[in-house]
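One letter stands for each residue in the lines below.
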Amino acid sequence: LGWNCPKCVDAAESVLKAGGGSIEAAVAGVEVAEEDPNVPSVGWGGSPDFLGETTLDALCTDGANMNMGGVGDLRRVKGAARTACGVLKHTGHSLLTGDSATNFATNFLGLKEENLTSTKSAEQHAKWKSGGCQPNYYANTAPPSTSGCGPFRPAQTETEGTPYRECLGHDDHDTLPLAIIDESDHAVAVTTTNGLTFKVAGRVGDSAIPGAGNYARSGVGACGATGNGDVMMRFLPCYQIVESMRLGYSPKAACEDALQRISRFYPDFGGHLFAVNASGATAGCSSQDHGFKIIVARPGLSYEEIEIKPNPEYVLPHGLDGGA
């Protein structure tokens with residue numbers, strides 16, 4: 001089960017058919033997008049940060065033992081998902097970041113260190129910079145972040161700076177989550193992204209955070225997410241969805257409840273969620289006006305493409321208090 005990337009699902013399915021494990025299959029699936037510079041929101045060659053560098057976030061979740069590994073602000077290494085799963089398999093940690101994550105990927109896992117900037121991303125950053133670095137994600141700065149490219153410092157008075165203004169557009173972000181539930185009910189999930197375009201350097205988004213970018217629990221199900229990650233990580237929507245399914249709610253009801261919990265505080269929030277339970281029932285929900293598609297692959301059957309249409313109304317299912 002994954003976002004609308006048939007080649008990714010094909011690659012994951014090929015590993016499973018060859019007898020490979022579910023985690024390796026999920027990594028192989030998302031690597032198809034990570035290695036393709038024509039997928040601007042995942043992997044190298046897209047979404048430059050404020051300084052022009054492409055950095056990566058990823059998360060690997062094993063629902064059999066609730067072990068998780070993530071990387072954030074990974075620099076100069078294309079294999080974000082493989083590095084995240086290396087954290088899961090070969091350390092007692094849950095998250096490595098920045099240059100230290102790069103050192104782990106190159107010196108321990110043996111991955112290649114290389115430039116993640118493409119001609120297209122360099123041109124994208126140059127165009128943005130020539131336009132005065134607008135919009136950007138700084139707030140309450142002096143001079144005001146709306147005035148240009150800085151350098152900025154913290155504003156000393158309320159009137160000196162400008163408050164944060166939402167600058168997240170449809171094309172400024174995306175994430176690729178892929179979840180697998182195998183014949184033994186082993187649930188895993190892998191998520192990878194290059195984050196927000198023109199993000200503040202060093203930013204780590206929800207894709208690297210357990211319970212936010214994805215979550216999985218064998219015997220219950222799995223979840224994947226994309227959207228405004230800085231908001232989503234404050235609510236851990238994928239943890240909430242899987243926990244709701246554990247309590248007996250359908251994937252659809254669990255998704256809608258998780259989005260409602262966010263929209264209560266952030267009514268203009270934009271995000272997509274999908275969920276699959278241990279029985280294979282699948283659903284998604286969206287608070288963005290363009291919806292999204294997911295692909296479901298089942299043994300012996302052709303792909304099922306599910307279009308998730310936006311629904312701004314989040315009515316709590318009976319029995320859910322939604323107060324969290």
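Here is a short report on the structure shown in this document. (Residues numbered from 1 in each chain as written. Predicted model: local features only at pLDDT ≥ 70, side-chain atom pairs only at ≥ 80, totals over all residues. Heavy atoms only, no water.)

**Concerning the packing of helix 3 (residues 80-90) against helix 4 (residues 98-108)**
One can describe the packing of helix 3 onto helix 4 by two numbers: an axis separation of 10 Å at closest approach and a directional angle of 80°. By the angle between their directions, the pair helix 3 and helix 4 is classed as roughly perpendicular. Here T83, G86, V87 and H90 of helix 3 come into contact with helix 4, specifically with A101, F104, A105 and F108. Of the residues that constitute the contact of helix 3 with helix 4, the class distribution is five nonpolar, three polar and no charged. (Axes fitted to C-alpha atoms, helices over the stretch in contact; angles between N-to-C directions. Helix = DSSP H or I, 4+ residues; strand = E, 2+ residues; numbered from the N terminus. Parallel < 35°, antiparallel > 145°, perpendicular 65-115°, else oblique. Contact = heavy atoms within 4.5 Å. Nonpolar A, V, L, I, M, F, W, Y, C, P; charged D, E, K, R; others polar.)

**Section: the state of the cysteines**
Under the defined criterion, the tally for this structure stands at four disulfides. Disulfide connectivity for the chain, with bonded cysteines indexed by sequence position, reads 1-2, 3-4, 5-6, 7-8. Here C255 is not disulfide-linked; the sulfur of C285 is the nearest cysteine sulfur, at 3.9 Å. (Disulfide = S-S within 2.5 Å.)

**Re the sheet that holds strand 12 (residues 282-286)**
Across the sheet, which stays open at both edges, the four strands sit in the order 9-10-11-12 with antiparallel pairing between neighbours. Across the chains shown, the open sheet's two edge strands, defined by having one partner strand only, are strand 9 (214-217) and strand 12. Pairs of neighbouring strands in the sheet enclose a mean axial angle of 10°, with direction left out of account. With seven bridges connecting them, strand 10 (residues 221-227) and strand 11 (residues 271-277) associate as antiparallel partners. Paired with G224 across the bridge in strand 11 is F274. Contacting strand 9, strand 10 and strand 11, helix 7 (residues 237-246) runs over the sheet at an angle of about 150° to strand 10. (Pairing = 2+ DSSP bridges.)

**Concerning the pattern of salt bridges**
Within the structure shown, the criterion is met by 14 salt bridges. Residue R75 is joined to E53 by a salt bridge in which the shortest nitrogen-to-oxygen separation is 2.9 Å. Taken together, the positions of R75 in strand 3 (residues 67-75) and E53 in the loop between helix 2 (22-34) and strand 2 (55-62) put the pair 22 residues apart, joining distant regions of the chain. For R261, the salt bridge goes to D257, with nearest N and O atoms at 2.8 Å. Placement of the pair is R261 and D257 together in helix 8 (residues 251-263), with a separation of four residues, close to one helical turn. You can call D257 buried: its relative accessible area is 0%. Taken together, the salt bridges that share partners define one network made up of E53, R75, R76, D99 and E113. (Salt bridge = Lys/Arg side-chain N within 4 Å of Asp/Glu carboxyl O. Buried < 20%, exposed > 50% of the residue type's maximum accessible area, 1.4 Å probe, protein only.)

**Focus: the packing of aromatic side chains**
Evaluation of the coordinates by the stated rule reveals nine aromatic pairs. Between W128 and F198 the ring centres are 4.2 Å apart and the planes differ by 5°, which places this aromatic pair in the stacked class. Pair noted here: W128 is in helix 5 (residues 119-130) and F198 is in the loop between strand 8 (187-193) and strand 9, with a separation of 70 residues, a long-range link. Residues W128 and F198 agree in their burial class; the two are buried. By the ring-pair criterion, three or more aromatic residues cluster together here, those being F50, W128, Y138, F152 and F198. (Phe/Tyr/Trp six-rings, centres within 6.5 Å; stacked < 30°, edge-to-face > 60°.)

**Focus: the nonpolar core**
Formed by 35 residues in total, the largest nonpolar core has its most connected members in V71 and V190. Those elements that provide at least two residues to this core are helix 1 (6-17), helix 2, strand 2, strand 3, helix 3, helix 4, strand 7 (176-181) and strand 8. Among the elements that make up this core, the one with the highest residue count is helix 2 (seven residues). Once residues lying within four places of it in the same chain are set aside, the contact partners of V71 are L56, D57, A58, A80, T83, A84, V87, L95, L96, A101 and A208. (Core = buried A, V, L, I, M, F, W, Y, C linked by side-chain atoms within 4.5 Å.)

**What about the packing of helix 2 against helix 3?**
Here helix 2 crosses helix 3 at 155°, and the two axes come no closer than 8 Å. Classified by the angle their axes make, helix 2 and helix 3 are roughly antiparallel. Contacts from I23, E24, V27, V30, E31 and E34 of helix 2 reach helix 3 at A80, A81, R82, C85, L88 and K89. Taken together, the residues of the contact of helix 2 with helix 3 break down into seven nonpolar, no polar and five charged.

**Focus on the environment of T55**
Checked against the element boundaries, T55 lands in strand 2. Take T55: its relative accessible area is 1%, and that puts it in the buried class. Between the C-alpha atoms of T55 and L196, which are 141 residues apart in sequence, the distance is 9.8 Å. With sequence-adjacent residues up to four places away left out, T55 is seen in contact with D49, D73, L74, R75, T193, N194 and K199. Within the structure, the side chain of T55 is placed 3.0 Å from the side chain of K199, a separation counted as a polar contact. (Polar contact = N/O pair within 3.5 Å; in protein donor to acceptor, adjacent residues only side chain to side chain.)

**Observations regarding the pairing of strand 10**
Burial within strand 10 is extensive, with seven of its seven residues counted as buried. Neither face of strand 10 is open: one carries G221, C223, A225 and G227, the other A222, G224 and T226, and all of them are buried. With four bridges joining them, strand 9 and strand 10 adopt antiparallel strand pairing. Within the sheet, the bridge partner assigned to N214 lies in strand 10 and is G224. Between strand 9 and strand 10, which follow one another and run antiparallel, lie three residues, and G219 among them has a positive phi close to 85°.

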